[in-house]
Each structure stands twice: as structure tokens, then as C-alpha cells.
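One-letter residues, chain by chain:
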Amino acid sequence: MKSESFNPPFTNIAPYYDTIMSFVNYPGWVSYIETILLTNNVEAKQILDMACGTGTCLKLWLEKGYQVIGLDRSFTMLEICKKKISHYNNNLGLINCDMRNVSLKSPVPIITCLYDSLNYLLSEGDLLSCFHNVYNNLTPQGIFIFDMNTIHSLCDEWGNNTFHRKDKNIFSTWQNIYDRKTNISTLKLTLKIKENTKAVMLRECHKERAYPLTVIRNLLDNAGFSFSLYRHLTFRPADENDLRIMGVARK
Ligand SMILES: C[S@@+](CC[C@H](N)C(=O)[O-])C[C@H]1O[C@@H](n2cnc3c(N)ncnc32)[C@H](O)[C@@H]1O
């Protein structure tokens, strides 16, 4: 199969994203973040979710009484997000832009960036630009909460493995290739969707990069943050054997 037949990430899979991610415990992730906010004495109720995708977390925050801003580079993901949250009373809004280059009208007290989204930044320079942007868009003492896949996750879990899944009417194939020199994982994702008598096939190519924890620490430091890195869903200090880490960074 020619590589050209794979579309860029988050273009045509958007309407199917929630079905193929139905195994993700988003309510558990949001409760964990609420605990992080509590332990950091953050009482503010305004959140910018960067790379919000189809907005599942935004909806959960709205249900908890937060005002939310969603930001994503993918127009099609934001379209799904808009439908999901349009009936909530939310004064803020959705922004279609790149998280390396965000400039909000007014700074916000809480910024989140979840579920691998930062791994889609493929160079240290891009990650640093993003951290600088986050810093500049936070109010004084604002908090930035994010997760990232580790090198262990991309190299050893995904590796050069191909996974198959079935979620409702969608059969998906996740074909991974890991480059040890760059720590970039290339995923060729194929969805076969059965709709009545028709079957539709969609293909996208995704690239994620993992960074050593020392690099993440240096970049956060460089951007001006005080921070802690935890093993995801815990308050245990992160290490390279974790699959996913959670960063909590204060301005
Ligand atoms: C794996 S999805 C996660 C979506 C959502 N945060 C969630 O938890 O379901 C990654 C998201 O990051 C977005 N993304 C990737 N690179 C981006 C960038 N440079 N700027 C803004 N959004 C980006 C994609 O469009 C996609 O919606």
C-alpha cells in the first residue's frame, strides 16, 4: 500500500474517534485532575483544554460547573466537539488553532493538555514553543496539567507491533513502527466501518514522539515553570519505566 493513501492525523476519523476511544476512562482522568487542583489550592473554575479533540473532557468539566475553552488544530475534531457541548451554558468558546502558537484574549487560570496530544509535537523546539505559549496564556500562579507517553510506552509497548480492535461497528488496525534514533512512533491507522450494507475504509498516518524525562524537565524549567512529574493517575514521582506521565506545572 502506498504511504500517500494515508491521510494526515485527525482529518477523517473525527466522527469515529469517540467510538474507538470508548475504552478510555475520561471521568477517572477528570477526577484525578480535580484532586490535583484541590491539592494545589486552585479554586478557579475556568479551563482551557488544549488539543481538546472531540471535547469529552470539556463536557465533563461543564457538567461540574466549569467554564471551558477548547482549542484544537483539527477542524473536524472541533466540529464533533461543538455538537457535544453546544447545549451547555458556556461563555467561552472553541478555537481552531495550533497549540504552538496560541494567544488568548485573556489569560486563564487552568490549562490542560491530555491524551498524548503533546507527543504530537515532534521536536524539542515545538514542545518548548508550546510550553512558552501555555506560560504566557496563564494567569499569575496559573496551573498547567498535561500527560505524555514515555519512551518506554512508544518503544516497548507500541514498538513495531500491529494491534487489531473491534469497537461496535468499527474494525481498526493499529500498525506501529518505532524509530529508536528519533523516538518517533509512526502509526498507520486503518478503520473499517460497517454502515448498513456499506463498508467504508479510512486511513490516517499519525506520528508521536516521546522525550526523556530530563528533556521535559529542562524545557518546563526553560519556559519558567515550577513543576512535578508523576506516574499517570498517581502522585508517585515519574520515572522512565512508566508508560504515561502526568505533569503539573505552576507559573
Ligand atoms: C489523541 S487526540 C486527544 C484529544 C483529546 N485531548 C482527548 O483526550 O481525547 C490528540 C489531539 O491533539 C490535536 N493536536 C495535535 N497536534 C496539535 C497542535 N499542534 N495544535 C493543536 N492541536 C493539536 C489533534 O488534532 C487531536 O485532536
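Residues numbered from 1 in each chain as written. Predicted model: local features only at pLDDT ≥ 70, side-chain atom pairs only at ≥ 80, totals over all residues. Heavy atoms only, no water.

### Here's the deal with the domain arrangement of the chain
For the chain, the domain assignment lists domain 1 (14-149 + 211-250) and domain 2 (152-209). Placing the centre of domain 1 and that of domain 2 at their C-alpha centroids yields a distance of 23 Å. In this complex, domain 1 contributes 19 residues to the contact, which on the side of domain 2 involves 19 residues. Overall, the association of domain 1 and domain 2 removes approximately 1,700 Å² of surface from exposure, summing both partners, and the carbon and sulfur fraction of that is 61%. Its largest share of buried area at the contact with domain 2, domain 1 owes to Tyr16, Ile20 and Leu122, together 36% of the area lost on that side. Summed over the shared surface of domain 1 and domain 2, the number is zero salt bridges. Counting across the domain 1 and domain 2 interface gives six residue pairs in polar contact (both at pLDDT 80 or more). (Domains from an automatic or database assignment. Contact = heavy atoms within 4.5 Å. Buried area = accessible area lost by both parts, 1.4 Å probe. Salt bridge = Lys/Arg side-chain N within 4 Å of Asp/Glu carboxyl O. Polar contact = N/O pair within 3.5 Å; in protein donor to acceptor, adjacent residues only side chain to side chain.)

### Considering the state of the cysteines
Applying the stated criterion across every chain, the model contains zero disulfides. With no disulfide of its own, cysteine 57 has cysteine 52 as its nearest cysteine by sulfur position, at a separation of 9.6 Å. Note on cysteine 57: relative accessible area 5%, which makes it buried. Just so you know, cysteine 81 is unpaired, no disulfide at all, and the nearest cysteine sulfur is the one on cysteine 52, 4.3 Å from it. For cysteine 81, a relative accessible area of 0% corresponds to the buried category. (Disulfide = S-S within 2.5 Å. Buried < 20%, exposed > 50% of the residue type's maximum accessible area, 1.4 Å probe, protein only.)

### Digging into the pattern of salt bridges
With the rule as written, the count across this model stands at 13 salt bridges. The shortest N-O distance in the salt bridge between aspartate 147 and arginine 244 comes to 3.5 Å. One end of the pair, aspartate 147, is in strand 5 (residues 138-149); the other, arginine 244, is in strand 11 (residues 244-250), with 97 residues separating them in the sequence. The partner of aspartate 239 in a salt bridge is arginine 236, with the nearest N and O atoms 3.1 Å apart. Take aspartate 239: its relative accessible area is 30%, and that puts it in the partly exposed class. Among the residues examined, arginine 236 registers a relative accessible area of 34% and is labelled partly exposed. Linked by salt bridges that have partners in common, Arg73, Asp98, Arg100 and Asp126 make up one network. (Helix = DSSP H or I, 4+ residues; strand = E, 2+ residues; numbered from the N terminus.)

### Concerning the sheet that holds strand 9 (residues 198-209)
The strands making up a sheet associate through hydrogen bonds between their backbones, and the pairing can be parallel or antiparallel. Spatially, four strands are ordered 6-7-8-9 in an open sheet, and the strand pairing comes out antiparallel. Lying at the two open borders of the sheet, with one neighbouring strand each, are strand 6 (162-167) and strand 9. Strand-to-strand twist across the sheet, computed as the mean angle between neighbouring axes with direction ignored, equals 15°. Bridging between strand 7 (residues 170-179) and strand 8 (residues 184-195) involves ten bridges; their strand directions are antiparallel. The residue bridging phenylalanine 171 from the neighbouring strand is lysine 192, located in strand 8. Relative to strand 7, helix 6 (residues 151-158) is tilted by about 115°, and along the sheet it contacts strand 6, strand 7, strand 8 and strand 9. (Pairing = 2+ DSSP bridges. Axes fitted to C-alpha atoms, helices over the stretch in contact; angles between N-to-C directions.)

### Considerations on the site of the ligand
Lining the immediate surroundings of the ligand are 18 residues, of which Tyr17, Tyr26, Ala51, Asp72 and Met99 lie closest. Tyrosine 26 is positioned with one of its side-chain polar atoms (N or O) 2.6 Å from an oxygen atom of the ligand. One of the backbone nitrogen or oxygen atoms of methionine 99 is found 2.8 Å away from a nitrogen atom of the ligand. A total of 600 Å² of accessible area belongs to the ligand in isolation, and the protein chains cover 97% of it. (Near = heavy atom within 4 Å. Areas by Shrake-Rupley, 256 points an atom, 1.4 Å probe, with all protein chains shown as cover.)

### Digging into the packing of aromatic side chains
By the definition in use, this model includes 13 aromatic pairs. When the centroid spacing of 5.1 Å and the interplanar angle of 80° are considered together, the rings of tyrosine 135 and phenylalanine 225 count as edge-to-face. Highlighted residues: tyrosine 135 in helix 5 (residues 124-136) and phenylalanine 225 in the loop between helix 7 (213-223) and strand 10 (226-231), separated in sequence by 90 residues. Its relative accessible area of 23% is what places tyrosine 135 among the partly exposed residues. By relative accessible area, which is 4% here, phenylalanine 225 ends up buried. Among the aromatic residues, ring-to-ring pairing joins Phe131, Tyr135, Phe144, Phe146 and Phe225 into one connected group. Sitting over the ring of phenylalanine 6, arginine 203 keeps its end group 5.9 Å from the ring centre. If you follow lysine 251 out to its NZ or CZ, it ends over the ring of tyrosine 135, 4.9 Å from the centre. (Phe/Tyr/Trp six-rings, centres within 6.5 Å; stacked < 30°, edge-to-face > 60°. Lys NZ or Arg CZ within 6 Å of the ring centre and 35° of its normal.)

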